[in-house]
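# Fold and geometry: a report
Each chain, letter by letter, is given below.
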Amino acid sequence: FARMFVQVCLYFYCKCLWRCLKFVVRKLTGQCELQRICYNTKPGAARTMKIEASLKGSKSKRLQTSVNVHPDAIEKTIDDIMELKRINPDIHPQLGVSLQACLLQIVGYRNLIAEVEKLRREPYDSENPQHEEMLLKLWKCLKPNSPLKARISKQWCEIGFQGDDPKTDFRGMGLLGLYNLVYFAEWDTEVAQQVLSDSLHPKYREITKKELSHLSKAEWEKKKFDKAIGYSFAIVGINITDLAYNLLVSGALKTHFYNVAPEAPTLTHFQQTFCYLMHEFHKFWIDEDPLDIMEFNRVREKFYKRILRQLQNPEMALCPHFAASENLINM
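Structure report, in brief. (Residues numbered from 1 in each chain as written. Predicted model: local features only at pLDDT ≥ 70, side-chain atom pairs only at ≥ 80, totals over all residues. Heavy atoms only, no water.)

## Remarks on the nonpolar core
Test applied: Residues grouped as a nonpolar core are buried Ala, Val, Leu, Ile, Met, Phe, Trp, Tyr and Cys residues, joined through side-chain atoms within 4.5 Å. Burial classes: relative accessible area under 20% of the type maximum marks a residue as buried, over 50% as exposed, and values in between as partly exposed (1.4 Å probe, protein chains only). Domain boundaries shown here were taken from an automatic or database domain assignment. Contacts were defined at the residue level, with two residues in contact if any of their heavy atoms lie within 4.5 Å.
One finds Leu-138, Leu-178, Leu-247, Phe-270 and Leu-277 to be the most contacted residues of the largest nonpolar core, which totals 83 residues. Looking at this core, you find at least three residues from each of domain 1 (35-120) and domain 2 (124-312). The residues contacting Leu-277, other than those within four sequence positions of it, are Ile-240, Leu-243, Ala-244, Leu-247, Phe-303 and Ile-307.

Printed below as a string of structure tokens:
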């Protein structure tokens with residue numbers, strides 16, 4: 001109880017001290033915290049995340065709720081913030097532009113979570129012609145030279161589904177898993193087909209002397225006879241969709257999206273991130289060279305932690321090849 005009491009006292013002391021420091025700095029610089037962040041931090045995740053923390057931590061309810069407004073209300077919200085902070089927009093026009101860019105990203109990220117969640121909760125329906133059309137498109141993109149003989153067919157196992165009807169494999173991630181797989185196969189076709197081929201026909205990798213020194217006798221005996229381990233492409237795609245989803249809802253992807261989307265991040269940004277994660281996981285799987293498929297969860301968890309570490313860097317953009325960095329002007 002005493003320790004809890006001390007912690008509560010420290011919390012309120014630090015909170016009051018922090019507000020006093022902010023007041024003193026404003027008096028000395030003539031700028032509020034929002035101005036100092038916008039003027040001294042370059043556009044991207046570093047700036048937007050500081051603005052988000054400042055607004056959420058404000059003692060003003062109007063500022064706290066500004067991160068939850070509708071996109072159409074952002075301009076009015078900026079006017080309210082300027083008025084509340086007693087900042088003349090004619091004297092500081094750049095501040096309004098910077099705040100608007102940050103709020104578009106903050107509100108857009110929240111809306112993206114809602115859009116992704118809606119897709120995840122929608123189950124695959126074989127009676128829905130749009131769902132069926134997407135599933136068939138996935139096959140055509142991945143296996144353009146091998147016509148599907150029937151809707152219910154063992155051929156689906158060739159692209160990594162577990163049985164002869166893929167609909168049962170989408171239960172965990174709903175339509176989101178299908179959306180991501182189709183996007184990968186349609187827009188990054190060459191890479192998707194190569195990853196599929198490698199998953200079916202993994203290449204044997206020679207064991208180096210350094211690796212050999214770390215293997216037990218039992219592991220060496222198993223590896224000596226085993227080829228490299230493949231995996232089920234579609235099932236792994238649904239699993240990586242789950243990984244991307246967890247990164248999104250936990251807020252970890254804010255670093256990435258705030259750096260690549262100059263305004264509101266969209267579903268397309270999320271799907272492009274999925275493509276990157278699929279490609280990177282494939283390379284990671286090969287480098288890890290697991291003893292068998294039962295090691296999948298271990299490899300996935302290790303990969304997940306690596307991505308989390310990368311996203312702790314405020315300068316991080318996971319997949320700069322599609323980043324809008326050239327359009328990320330000094331707003």
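Still more to cover.
## What about the packing of helix H6 (residues 93-121) against helix H8 (residues 174-187)?
What counts here: Here, axes are lines fitted to C-alpha atoms. For helices the fit covers the stretch in contact, and angles between N-to-C directions go from 0 to 180 degrees. Secondary structure follows DSSP: runs of H or I at least 4 residues long count as helices, runs of E at least 2 residues long count as strands, and numbering of each begins at the N terminus. If an angle is under 35 degrees, it is roughly parallel; if it is over 145, roughly antiparallel; if it lies from 65 to 115, roughly perpendicular; otherwise it is oblique. Gly counts as polar in this scheme, as do all residues outside two lists: the nonpolar Ala, Val, Leu, Ile, Met, Phe, Trp, Tyr, Cys and Pro, and the charged Asp, Glu, Lys and Arg.
Direction vectors running N to C along H6 and H8 enclose 105 degrees, while the axes themselves pass 3 Å from each other. With respect to H8, the element H6 is oriented roughly perpendicular. Residues Val-116, Leu-119 and Arg-120 of H6 pack against Gly-174, Leu-175, Leu-176 and Tyr-179 of H8. By residue class, the composition of the contact of H6 with H8 is 5 nonpolar, 1 polar and 1 charged.

## Let's talk about the side chain of Gln-155
For clarity, the cut-off: In protein, a polar contact requires one atom able to donate a hydrogen and another able to accept it; more generally it is a pair of N or O atoms within 3.5 Å, and residues adjacent in sequence count only if both atoms are side-chain atoms.
Summarising the element assignment, Gln-155 is placed in the loop between helix H7 (129-142) and H8. Gln-155 gets classed as buried once you look at its relative accessible area, which sits at 11%. Engagement of the side chain of Gln-155 in a polar contact is seen with the backbone nitrogen of Lys-149, the distance being 2.7 Å. Not counting the four nearest positions on each side in its chain, Gln-155 is found in contact with Trp-139, Pro-147, Leu-148, Lys-149 and Ala-150.

## Details of the pattern of salt bridges
This is how the line gets drawn: Put simply, a salt bridge is a Lys or Arg side-chain nitrogen that is within 4 Å of an Asp or Glu carboxyl oxygen.
Enumeration over the complete set of coordinates arrives at 17 salt bridges. Here Lys-56 and Glu-52 are joined by a salt bridge, their closest N and O atoms 3.4 Å apart. Of this pair, Lys-56 and Glu-52 both sit in helix H3 (residues 45-56), 4 residues apart, which is roughly one turn of that helix. Given a relative accessible area of 7%, Glu-52 falls into the buried group. As a salt-bridge pair, Lys-143 and Glu-158 come within 3.4 Å of each other at their nearest N and O atoms. A residue pair is termed long-range when its members are at least 10 positions apart, and Lys-143 in the loop between H7 and H8 and Glu-158 in the loop between H7 and H8 qualify at 15 residues. Here the salt bridges do not stand alone but share partners, grouping Glu-288, Glu-295, Arg-298 and Lys-302 into one network.

## Considering unusual backbone geometry
One non-glycine residue, Arg-86, lies in positive phi territory at about 55 degrees. Secondary-structure assignment places Arg-86 in the loop between helix H5 (74-84) and H6. Despite not being glycine, Asp-289 shows a phi value in the positive range, around 45 degrees. Within the secondary structure, Asp-289 sits in the loop between helix H14 (267-288) and helix H15 (296-311). Classification of Asp-289 as buried rests on a relative accessible area of 14%.

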